[in-house]
Amino acid sequence: MELYLDTADIHAVKRLARVLPLQGVTTNPSIVAASRTSLWEVLPALRDALGGEGKLFAQVLAATADQMVEEAVMLNQRVSGLVVKVPVTTEGLAAIKILRGMGIPTLGTAVYGAAQGLLSALAGAEYVAPYVNRVDAQGGSGIATVQELQRLLEMHAPQAKVLAASFKTPRQALDCLLAGCGAITLPLDVAEQFISAPAVQAAVEKFECDWRGAFGALTLG
Ligand code: E4P
């Protein structure tokens, strides 16, 4: 499976890349805007933070297919190996089809429904990103959407991969992996929750305390 961080926080990526088996970093316009740093500075810095390798994702902003394609070409030329995120609107679907013909890899984003996600895969998107928590927040079931989408891709577009996104809890991410998704992208707070359960630290401290009580020093002897 592929694990990504959904962030433009360079320092956090550097810190977590030491610990997590990261494949790369995903961004979206809101994430880059929150960083207050130009996209063209952020993307190379993220790659450096990953140790000079890893897959990066950045999204087009245009609303028409032709302009989306123009932006995607620019992204593809300026950042090697970048996957272009294209919102799965009517125009986005047209753009994905054109980009596929040009050999530029895309991710269908802003996916709130399984059929919508399937269409982007059929149009040629390499990845499809359902928004799990945002579907939940609308009163739907993010995980049910992901389960349907995963099955649909397996049956009808096996060359595409679900890259599940938009999480507020580790449980949501785990459920996507249990549904068979090949990729997930975690916001920093959820990634931290995966590796910093308070009970774990308490268990380690108890081991240390018991050892010191018996042998004085915390060495193997
Ligand atoms: C993924 O493509 C989205 O950019 C992102 O994961 C959305 O996450 P949010 O719902 O937490 O903003």
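Refer to the structure printed above.
Engineer: Sorry, what's going on with the layout of surface pockets here?
Structural biologist: Summary: where empty space remains is shown by rolling a probe the size of a single water molecule over the atoms. Taken as a whole, the largest pocket holds about 270 Å³ of empty space. Along its surface, the largest pocket is lined by 18 residues, and D6, N28, I31, R134 and S166 are the ones closest to its centre. Among the elements of the structure, α2 (29-35) and β5 (106-111) are those that each provide at least two residues to the lining of the largest pocket. Among the residues forming the lining of the largest pocket, the class breakdown is eight nonpolar, six polar and four charged. Looking at the second largest pocket, its volume works out to about 190 Å³. Taken together, T27, N28, P29, V32, L39, W40, A58, Q59, L61, E71, M74 and L75 make up the lining of the second largest pocket. Listing elements by their share of the lining of the second largest pocket, those giving two or more residues are α2, α3 (39-49), β3 (55-59) and α4 (65-78). Among the elements that line the lining of the second largest pocket, the one with the most residues is α4, at three residues. Partitioning the lining of the second largest pocket into residue classes produces eight nonpolar, three polar and one charged.

Engineer: Please explain the packing of helix α6 (residues 114-123) against helix α8 (residues 142-156) as it appears in this structure.
Structural biologist: In a packed pair of helices, the relevant descriptors are the angle between the two axes and the axis-to-axis distance. Where α6 contacts α8, the axes come no closer than 9 Å and their chain directions differ by 30°. When the axis of α6 is compared with that of α8, the two are roughly parallel. Remark: the crossing between α6 and α8 carries right-handed chirality. Each of A114, G117, L118, A121 and L122 in α6 lies in contact with α8, whose residues at this interface are T145, E148, L149, L152, L153 and H156. Residue classes in the contact of α6 with α8 are distributed as seven nonpolar, three polar and one charged.

Conventions adopted
- Every chain's residues receive numbers from 1 upward, in the order its sequence appears when written.
- Only residues with pLDDT of at least 70 get local features here, since the model is predicted, and only at 80 or more are side-chain atom pairs given and counted; chain-wide, interface and lining totals rely on the full set of residues.
- Excluding hydrogens and water, the side-chain values take into account all heavy atoms of the structure.
- Cavities and pockets were defined on a 1 Å grid built over protein atoms only: a cavity is a set of grid points that admits a 1.4 Å probe from which the probe cannot escape, a pocket is an open set flanked by protein on both sides within 12 Å along at least five of seven lines, and lining residues are those with an atom within 4 Å of any such point.
- Grid points are joined across faces, edges and corners, and a volume is the space filled by probe spheres set on the points.
- Elements are defined by DSSP. Helices are runs of H or I of four residues or more, strands are runs of E of two residues or more, and each kind is numbered from the N terminus.
- Asp, Glu, Lys and Arg are counted as charged, while Ala, Val, Leu, Ile, Met, Phe, Trp, Tyr, Cys and Pro are counted as nonpolar; the rest, among them Gly, fall into the polar class.
- Geometry is summarised by axes, namely lines fitted to C-alpha atoms with helices restricted to the contacting stretch, and by angles between N-to-C directions that run from 0 to 180 degrees.
- Should an angle fall under 35 degrees it is taken as roughly parallel, and over 145 as roughly antiparallel, whereas 65 to 115 is taken as roughly perpendicular and any remaining angle as oblique.
- For a crossing to be left-handed, the near helix must be turned anticlockwise from the far one by less than a right angle; the clockwise case is right-handed.
- Between two residues, a contact is recorded if the distance between any of their heavy atoms is within 4.5 Å.

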